[in-house]
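Summary of the model geometry
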Amino acid sequence: YFDLIVGPESVNKMKPDPEGIIKVLNAFGRDVEQAIMIGDTYIDIEAGRRAGTKTCGASYGLGNKEELIKSRPDFIISDISELLNYVR
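Rules used in this analysis
Residues numbered from 1 in each chain as written. Predicted model: local features only at pLDDT ≥ 70, side-chain atom pairs only at ≥ 80, totals over all residues. Heavy atoms only, no water. Helix = DSSP H or I, 4+ residues; strand = E, 2+ residues; numbered from the N terminus. Rg over C-alpha atoms; globule rule 2.2 N^0.38 Å. Buried < 20%, exposed > 50% of the residue type's maximum accessible area, 1.4 Å probe, protein only. Contact = heavy atoms within 4.5 Å. Arc of directions from axis to C-beta. Phe/Tyr/Trp six-rings, centres within 6.5 Å; stacked < 30°, edge-to-face > 60°. Pairing = 2+ DSSP bridges. Right-handed = clockwise from strand over helix to strand, strands pointing away.

Within the chain one finds four helices and three strands. The order of helices and strands in the chain, counted from the N terminus, is α-β-α-β-α-β-α. In summary, the chain has a C-alpha radius of gyration of 13 Å against a globular reference of 12 Å for 88 residues, a match within 12%. Across its three principal axes, the chain shows a C-alpha extent of roughly 30 × 30 × 25 Å. Residues classed as buried in the chain amount to 28% of the 88 residues present. Long-range contacts, defined as pairs at least 24 residues apart, comprise 30% of the intrachain contacts of the chain with a sequence gap of at least 6.

Here it is in structure tokens:
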């Protein structure tokens, strides 16, 4: 189902370091302007910010919702279907 999976064993530095995001962008030949980091924790949002992507907080995940809001992502969604409002 996935063309690429980047996990802890794939990088030298873990999030919030942007290494994993940059690895994915490079693998698909995409620029940061074409990407959105979606995550349910403030660490995900910080990683996206450091990589230079847009950031999306997923309030339906396992992360702490208050910390996610405080991390100030570019937008927050409560259901994955809402992402379509931001990528068209």
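Past the structure itself, the notes keep going.
A few words on helix α2 (residues 42-51). Each turn of an α-helix holds 3.6 residues, which means side chains three or four residues apart point in the same direction. Those residues of α2 that sit buried are Asp 44, Ile 45, Ala 47, Gly 48 and Ala 51. In an axial view of α2, the angular spread of the buried residues amounts to 160°, which keeps them on one side of the axis. Packing partners of the buried residues in α2 comprise α1 (19-28), β1 (36-39), β2 (54-58) and α3 (65-70). Phi turns positive one or two residues past the end of α2, at Gly 52, with a value near 95°.

Our next topic: the packing of aromatic side chains. Using the criterion set out here, one finds one aromatic pair in the structure. Ring geometry for Phe 75 against Tyr 86: centres 3.8 Å apart, planes inclined by 5°, an arrangement best described as stacked. Here the residue Phe 75 occupies a position in strand β3 (residues 75-77), and Tyr 86 occupies one in helix α4 (residues 84-87), the gap between them amounting to 11 residues. Assessed through its relative accessible area of 41%, Tyr 86 is described here as partly exposed.

Moving on, we come to the side chain of Ser 71. Here Ser 71 lies in the loop between α3 and β3. Given a relative accessible area of 12%, Ser 71 falls into the buried group. Beyond its immediate sequence surroundings of up to four residues, Ser 71 is in contact with Tyr 42, Ile 45 and Arg 49.

Further remarks concern the pairing of β1. Residues Met 37 and Gly 39 line the buried face of β1, whereas the alternating positions Ile 36 and Ile 38 sit on a face that is not buried. Here β1 pairs with β2 via four bridges, running parallel. If you follow Met 37 over to β2, its bridge partner there is Thr 55. Between the parallel pair β1 and β2, the chain is carried across by α2, and the sense of this crossover is right-handed.

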